[in-house]
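# Topology and contacts: notes
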Amino acid sequence: MPSPWNRGLRAPLAARLWDKIDVGSGDPAQCWEFTGNWRSKFGYGRIRDENGNCVQAHVAMYELYGGEIPDGLWLLHECDNPACCNPSHMHPGTAAENRWDQFQHGAYAGEAD
Ligand SMILES: [Zn+2]
């Protein structure tokens, strides 16, 4: 049995992301929740990129929308919803801000770099 997240690996990342994100009515004010099964312990959606690397779904969405995360900064949720992949609910922030984010969500198990 192939792993569920490997099955569609050859599909473009964007297509697989849209498949796993519930945008509701598309209202930018609403959270676009990751609906896939593969999540970190704290609710961050995960997906594999074209190279098979594990990436965070919200980061992939942000970059898909042309967002850039400067070196050394983290992509932080403004809506306090780790499953949210709405790029308008995120902004790059400092590690210090991210520590606050970690504090709010509990320890963070994602990949830092
Ligand atoms: Zn949100």
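Residues numbered from 1 in each chain as written. Predicted model: local features only at pLDDT ≥ 70, side-chain atom pairs only at ≥ 80, totals over all residues. Heavy atoms only, no water.

## Structural notes on the packing of aromatic side chains
- One pass over the full model with this rule turns up three aromatic pairs.
- Consider the rings of Trp18 and Trp32, whose centres lie 6.2 Å apart with planes at 50°: the pair is tilted. Of this pair, Trp18 sits in helix H2 (residues 13-20) while Trp32 sits in the loop between strand S1 (21-22) and strand S2 (33-34), and the two are 14 residues apart along the sequence.
- Its relative accessible area of 37% is what places Trp18 among the partly exposed residues.
- Seen in terms of ring centroids, Trp32 and Tyr65 are 6.2 Å apart; in terms of plane orientation they differ by 55°. Their pairing is tilted. One end of the pair, Trp32, is in the loop between S1 and S2; the other, Tyr65, is in the loop between helix H3 (57-64) and strand S5 (74-77), and 33 residues separate them in sequence.
- By relative accessible area, Trp32 is classed as buried at 7%.
- Taken together through their ring pairs, the aromatic side chains of Trp18, Trp32 and Tyr65 make up a single cluster. (Phe/Tyr/Trp six-rings, centres within 6.5 Å; stacked < 30°, edge-to-face > 60°. Helix = DSSP H or I, 4+ residues; strand = E, 2+ residues; numbered from the N terminus. Buried < 20%, exposed > 50% of the residue type's maximum accessible area, 1.4 Å probe, protein only.)

## Thoughts on the packing of H2 against H3
- H3 packs onto H2 with a crossing angle of 120° between their chain directions and a minimal axis gap of 11 Å. Taken together, the axis directions place H2 and H3 in an arrangement best described as oblique. Crossing of H2 over H3 shows left-handed handedness. Where H2 approaches H3, its residues Leu13, Ala14, Leu17 and Trp18 are matched on the opposing element by Ala57, Ala60, Met61 and Leu64.
- Of the residues assigned to the contact of H2 with H3, the class counts are eight nonpolar, no polar and no charged. (Axes fitted to C-alpha atoms, helices over the stretch in contact; angles between N-to-C directions. Parallel < 35°, antiparallel > 145°, perpendicular 65-115°, else oblique. Left-handed = near helix turned anticlockwise from the far one by under 90°. Contact = heavy atoms within 4.5 Å. Nonpolar A, V, L, I, M, F, W, Y, C, P; charged D, E, K, R; others polar.)

## Remarks on the coordination of the zinc ion
- Summarising the metal site, the zinc ion is bound by the protein donors Cys31 (SG), Cys79 (SG), Cys84 (SG) and His89 (ND1), whose distances to it range over 2.1 to 2.4 Å.
- Taken together, the four donor atoms coordinating the zinc ion and their angles of 104 to 112° define a geometry best described as tetrahedral.
- Here the donor residues of the zinc ion are spaced in sequence according to C-x47-C-x4-C-x4-H. Taken together, the residues span a long stretch of sequence, with Cys79 in the loop between S5 and strand S6 (90-93) and His89 in the loop between S5 and S6 at a distance of ten residues.
- Take Cys79: its relative accessible area is 25%, and that puts it in the partly exposed class.
- In this structure His89 comes out as buried when scored by relative accessible area, which is 10%. (Donors = N, O, S within 2.8 Å, 3.2 Å for Na, K, Ca; no water. Tetrahedral: all angles 85-135°; square planar, octahedral: opposite > 155°, others 65-115°.)

## Considerations on H2
- Among the residues of H2, Leu13, Arg16 and Leu17 are the ones counted as buried. Taken down its axis, H2 places every buried residue within 105° of arc, on the same side.
- Buried residues along H2 sit against S1, strand S3 (46-48) and H3. (Arc of directions from axis to C-beta.)

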